[in-house]
Amino acid sequence: MKARAGWLTAAAALNLLFLYGPILVLIVFSFNASRYSASWHGFTWQWYRTLLDDRTLLESVWNSVIVAVSSTAIAVLLGVPAAIGLERLAPARQRLAEAGLVLPLVIPEIMLGVSLMLLFVTMHWPLSLLTVTVGHAAFNLPVVILIVRARLRRLDPRLVEAARDLGATAAQAFRRITLPLLLPAIAGGALMAFTISLDDFLVTFFTGGPGSTTLPLKVYSMVKAGVSPAINAISTIIVLISMACVAAALWLQRGRDK
Amino acid sequence: MALFFALPLLLVLAISLATRRTYGGVDWIFTLVNYRDALDPLYLRILMKSVLLAGVTTAICLVIGFPLAYWIARQPISRQAIWMLLVMIPFWTNFLVRTYAWMFMLRTEGLLNTWLLGLGIISHPLELLYTDVAVLIGLVYGYLPFMVLPLYAVLARLDRSLIEAARDLYAGPGAVLRRVILPLARPGIVAGCVLVFVPSLGAYLTPDLLGGARSMMIGTLIQHEFLVIRDWPLGAALSFGLMLLVVLCVTAYVRWAGNLTGERIAEAGR
């Protein structure tokens, strides 16, 4: 019995080592003074400094921010009303809509990229930052809808009824009761959408054109050119941003549970 | 709403039935020739290899993910969420970055070879990068959290008294695992396998970066047809082949994952 528990703990520890080892190695070697070697040659910030000199890299960061912010905004503006509207459908139709919502999340991402590219080309939209943004909105929308909907279902309907009993109009009840209660879910969904958009490579790869290089695309072209400590440096920054997003999401969730 | 997503997919179907133009684009003349071309032995081999790699990835994830999920489910309840967070953080980290991390580890002058040479275990650097093994490692690394999450969702709710009852009735550890834990964990196993198998099957970045030209998978093949060869109808036909396999997997999920909904899986990750 004891031996088995020890075996399990060892297996769990190995798993976590497997999950974190490569990321930690990547971060450590972003500070390595040697360009080619995989052994330690002393600490340096120089790879981070070279990043600041790379104009195309800075442009790609800017593009990523534009796409992430605008696609998240579209997803929230369309997704919140859609989630509320879905709640009013007949149960059978709700299930159908839900299947439609989960579809873009379960099909391999390359399918989404291919189909969106073909759609834009067929509609004669030149591939640009705009098509990338619409593409990102396509996978961000279901994320927002599903998260807001999950929260909506847990809301106590008596709260709105009480507001109506006390003379609030439907619009007032929505603005003063439903919306504040939904806010943590909306913020959480938006944050999740923002993170996914920031990280996306494949949909951008297919729906982007000249001048719409986002950070992941830029990193991809750097990786294709070969391993270099500068990639370790930019990767470290990306990892830190992801961690910040996770921390923010947790903080929002804490607010929700109170 | 559903139309918004169905429309592009229908477009893929339509283009797979149209005639190719030399530099991308299509003429709307109906033909089945793209599906015949997609069944070319060369492509079928890539498809079979993708299924095989995705299958082995799923099996490895199950074997190494199960003990982890079981271990977390046995920790004090207050700490389970923290352990699950530790499993999910890599999933929230950029996939490209995580794949690059393995390029860094596996390349000929990489860390693994440097260490193995330094320890005197090998005398020549091993060729690790740009092999099927590298693709396998990358896929397992990328999708392991997808396996642990649903497994944990079912194992955390496992009634411990059932295990105790089995022990009281003289079941050995193997019998408890086989006849009590595994059957009860089945929805989680099915969900985890589908969640790992589907993205592995359609993976692009992993075979592209870790496999190189020799280890093409269906995802890299589709990208190649669309963006390099510019044969859109053939690319669309191949995409539909992939879609068909995915639909099969999702059907399996619906039939065998029981009441383990996506919502409950997501709940486990919070």
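Note that this is a predicted model, so its numbers are computed, not measured.

Looking only at helices and strands, chain A has eleven helices and zero strands in total. Taking 258 residues into account, the globule formula puts the C-alpha radius of gyration at 18 Å, and chain A, at 23 Å, lies well above it. With respect to the principal axes defined by its C-alpha atoms, chain A has extents near 75 × 65 × 30 Å. A buried classification covers 38% of the 258 residues belonging to chain A. For chain A, contacts bridging at least 24 residues in sequence account for 79% of all contacts bridging at least 6.

A word on the overall build of chain B. Summing up its helical and strand segments, chain B has 13 helices and two strands in all. On the principal axes, the C-alpha backbone points of chain B span a range of 70 × 55 × 30 Å. Sorting the 270 residues of chain B into buried and exposed places 47% on the buried side. Sequence separation of 24 or more characterises 74% of the internal contacts of chain B that already satisfy a separation of 6 or more.

Attention now goes to the packing of helix H3 (residues 41-73) of chain B against helix H7 (residues 132-155) of chain B. Residues and elements named next belong to chain B. Interaxial distance between H3 and H7 falls to 6 Å at its minimum, and their mutual angle equals 40°. On the basis of the axis angle, H3 is oblique to H7. At the point where H3 passes H7, the crossing takes the right-handed sense. Across the contact of H3 with H7, the residue classes break down as 22 nonpolar, two polar and one charged.

This part takes up the interface of chain A and chain B. Counting residues at the interface gives 51 residues for chain A, matched by 58 residues for chain B. Mapped onto the side of chain A that touches chain B, the elements with two or more residues apiece are helix H1 (2-28), helix H4 (91-106), helix H5 (109-122), helix H8 (170-199), helix H10 (215-224) and helix H11 (229-257) of chain A. Counting residues per element, the side of chain A that touches chain B draws most heavily on H1 of chain A, which supplies twelve residues. Of the residues that constitute the side of chain A that touches chain B, the class distribution is 39 nonpolar, ten polar and two charged.

Okay, the packing of H7 of chain B against helix H9 (residues 173-201) of chain B next. Residue and element names in this part refer to chain B. In the contact formed by H7 and H9, the axes pass within 8 Å of each other and the chain directions differ by 160°. Here H9 runs roughly antiparallel to H7, going by the angle between their axes. Along this stretch, H7 crosses H9, giving a crossing that reads as right-handed. Along its contact with H7, which presents Leu139, Tyr143, Phe146, Met147, Pro150, Leu151, Ala153, Val154 and Leu155, the element H9 presents Ala185, Pro187, Gly188, Ile189, Ala191, Gly192, Leu195, Val196, Pro199 and Ser200.

Before going further, it helps to spend a moment on the environment of Arg160 of chain B. Within the secondary structure layout, Arg160 of chain B lies in helix H8 (residues 160-168). For the pair formed by Arg160 of chain B and Gln75 of chain B, sequence separation is 85 residues and the distance between their alpha carbons is 13 Å.

Right, let's get into helix H4 (residues 77-92) of chain B. All names here are of chain B. Here H4 is 16 residues long and its end C-alpha atoms lie 23 Å apart, about the 22 Å a rise of 1.5 Å per residue gives. The axis of H4 is deflected most strongly, by about 25°, at Leu86, and proline Pro90 appears within four residues downstream. For H4, the complete set of buried residues consists of Met84, Val87 and Pro90.

Let us look at the confidence of the model for chain B. The predicted model of chain B averages 86 in pLDDT, with 93% of residues at 70 or higher. Taken together, the chains of this predicted complex give a pTM of 0.90 and an interface ipTM of 0.88.

Formed by 143 residues in total, the largest nonpolar core has its most connected members in Val144 of chain A together with Ala69, Met103, Leu151 and Tyr152 of chain B. Looking at which element gives the most residues to this core, the answer is H7 of chain B, with 18 residues. If we skip the residues at most four places from it in the chain, Leu151 of chain B touches Gly65, Phe66, Ala69, Ala185, Gly188, Ile189 and Gly192 of chain B.

On average, chain A scores 87 in pLDDT, and the residues at 70 or more come to 96%. Across chain A, the element-wise mean pLDDT spans from 78 in H4 of chain A up to 94 in helix H9 (residues 202-207) of chain A.

All right, on to unusual backbone geometry then. Phi is positive for His124 of chain A, close to 60°, though the residue is something other than glycine. Relative to the elements of secondary structure, His124 of chain A occurs in the loop between H5 and helix H6 (129-154). Although it is not a glycine, Arg230 of chain B sits at a positive phi angle of roughly 65°. Within the secondary structure, Arg230 of chain B sits in the loop between helix H11 (218-229) and helix H12 (232-256). By the C-beta count within 10 Å, which is 16 here, Arg230 of chain B ends up partly exposed.

Attention now goes to the environment of Glu59 of chain A. All names here are of chain A. Position of Glu59 relative to the elements: it lies in helix H3 (residues 55-87). Note on Glu59: 15 C-beta atoms within 10 Å, which makes it partly exposed. Residues Glu59 and Val160 lie 101 residues apart in sequence; the distance between their C-alpha atoms is 47 Å.

Procedures and definitions
- Residues numbered from 1 in each chain as written.
- Chains lettered and ligands numbered in written order.
- Predicted model: local features only at pLDDT ≥ 70, side-chain atom pairs only at ≥ 80, totals over all residues.
- Helix = DSSP H or I, 4+ residues; strand = E, 2+ residues; numbered from the N terminus.
- Rg over C-alpha atoms; globule rule 2.2 N^0.38 Å.
- Buried ≥ 20, exposed ≤ 12 C-beta atoms within 10 Å, placed from the backbone.
- Contact = placed C-beta atoms within 7 Å.
- Axes fitted to C-alpha atoms, helices over the stretch in contact; angles between N-to-C directions.
- Parallel < 35°, antiparallel > 145°, perpendicular 65-115°, else oblique.
- Left-handed = near helix turned anticlockwise from the far one by under 90°.
- Nonpolar A, V, L, I, M, F, W, Y, C, P; charged D, E, K, R; others polar.
- Expected span 1.5 Å × (residues − 1).
- Bend = angle between axes of the 7 residues up to and from the residue.
- pLDDT = per-residue confidence, 0-100.
- Core = buried A, V, L, I, M, F, W, Y, C linked by C-beta atoms within 7 Å.

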